[in-house]
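The chain contents come next:
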Amino acid sequence: MTRRIKFTLGAIAAVVLSTAAFASEVAPDAVEYGDEGVMTSLTGVAGDPAAGAETFKSRKLGNCLACHANPDMAGEQFHGDVGPSLEGVADRWEEPMLRAIVANSKQIFTDETIMPGFYSLEVGKHVRESLVGETILTAQQVEDVVAYLGTLKE
Ligand code: HEC
């Protein structure tokens, strides 16, 4: 009995804590895309480039190498060539634009782009029901990837 009560209190505390952690997160449908991209961080927490590199190359998360070559990751196998090489990408785009491209490339390129919107609810018509309402990456994972892209200078 006592254990059960403790468990319940613990669960409530966990919910309260996680709500607090996400309080300043911008929801996917509330991201503001302007001419210069997305000006403000999606989380208010600085991105971690090392974590971003992991998300970038993870086949289950960013899977960016499926479409982009990235000489900074020469040790990884199978770099795709569907999209442009990301060599020196931080010299071409400022951080707000990189954030916009990763969060929802359709806002920057065209609706026809095959690059997925990683922080968008416009996932397409034929998705598994379990994916409806989900984004591919979390807001913090986007910030981490953007921080990593910021290191790709020539
Ligand atoms: C399914 C293929 C695909 C995947 C996966 C993909 N991209 Fe792209 N990406 C593209 C294409 C294609 C373009 C070029 C824009 C266009 O013509 O649609 C592009 C453009 C870009 C650009 C602009 C590059 C430039 O030099 O102008 C950046 C930055 C970028 N992608 C980052 C990423 C990151 C980071 C990931 C992983 C989180 C990713 N992409 C995953 C296909 C992809």
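Residues numbered from 1 in each chain as written. Predicted model: local features only at pLDDT ≥ 70, side-chain atom pairs only at ≥ 80, totals over all residues. Heavy atoms only, no water.

A. Region of interest: the packing of helix α2 (residues 49-57) against helix α5 (residues 139-149). Their axes nearest at 7 Å, the elements α2 and α5 cross at an angle of 100°. Here α5 runs roughly perpendicular to α2, going by the angle between their axes. Touching Pro49, Ala51, Gly52, Ala53, Thr55 and Phe56 of α2 are Gln141, Asp144, Val145, Ala147, Tyr148 and Leu149, all from α5. Tallied by class, the residues present in the contact of α2 with α5 amount to eight nonpolar, three polar and one charged. (Axes fitted to C-alpha atoms, helices over the stretch in contact; angles between N-to-C directions. Helix = DSSP H or I, 4+ residues; strand = E, 2+ residues; numbered from the N terminus. Parallel < 35°, antiparallel > 145°, perpendicular 65-115°, else oblique. Contact = heavy atoms within 4.5 Å. Nonpolar A, V, L, I, M, F, W, Y, C, P; charged D, E, K, R; others polar.)

B. Here's a closer look at the layout of surface pockets. As a volume, the largest pocket reaches approximately 520 Å³. Lining the largest pocket we find 28 residues, and of these His68, Leu86, Ile101, Met115 and Phe118 sit closest to its centre. For the lining of the largest pocket, the secondary structure elements donating two or more residues are α3 (89-92), α4 (95-104) and α5. Of all the elements, α4 adds the most residues to the lining of the largest pocket, at three residues. Classifying every residue of the lining of the largest pocket gives 22 nonpolar, five polar and one charged. (1 Å grid on protein atoms, 1.4 Å probe; cavity = no way out; pocket = protein on both sides within 12 Å on 5 of 7 lines; lining within 4 Å. Points joined across faces, edges and corners; volume = space filled by probe spheres on them.)

C. Layout of the site of the ligand. Neighbouring residues of the ligand: 24 residues in total, closest Cys64, Cys67, His68, Thr113 and Met115. One of the side-chain nitrogen or oxygen atoms of tryptophan 93 is found 2.9 Å away from an oxygen atom of the ligand. The site holding the ligand turns out to be the largest pocket. Top contributing element to the shell around the ligand by residue count: α4, with three residues. Looking at the shell around the ligand residue by residue, the classes come out as 18 nonpolar, five polar and one charged. (Near = heavy atom within 4 Å. Polar contact = N/O pair within 3.5 Å; in protein donor to acceptor, adjacent residues only side chain to side chain. Sits in = over half its atoms within 2 Å of the grid points.)

D. Geometry of the side chain of threonine 43. Position of threonine 43 among the secondary structure elements: in the loop between α1 (2-21) and α2. Look past the residues within four positions of threonine 43 in its chain and what remains in contact with it is Ser24, Glu25, Ala139, Gln140 and Glu143.

E. Just the nonpolar core, in detail. Leu42, Phe56, Val102, Tyr119, Val142 and Leu149 are the most contacted members of the largest nonpolar core, which has 26 residues in total. Residue assignment for this core shows that the elements contributing at least two residues are α2, α4 and α5. Of all the elements, α5 adds the most residues to this core, at six residues. When neighbours within four sequence positions are excluded, leucine 42 is seen to be in contact with Ser24, Glu25, Val26, Val31, Arg99, Tyr119, Ala139, Val142 and Glu143. (Core = buried A, V, L, I, M, F, W, Y, C linked by side-chain atoms within 4.5 Å. Buried < 20%, exposed > 50% of the residue type's maximum accessible area, 1.4 Å probe, protein only.)

F. Main features of the environment of glycine 62. Residue position: glycine 62 is located in the loop between α2 and α3. Overall, the relative accessible area of 5% leaves glycine 62 in the buried class. Sequence separation of glycine 62 and phenylalanine 118 is 56 residues, and the distance between their C-alpha atoms is 7.8 Å. When sequence neighbours within four positions are dropped, the list of residues in contact with glycine 62 reads Thr55, Phe56, Phe118 and Leu137.

Everything listed is a geometric property; what it means functionally is a separate question.
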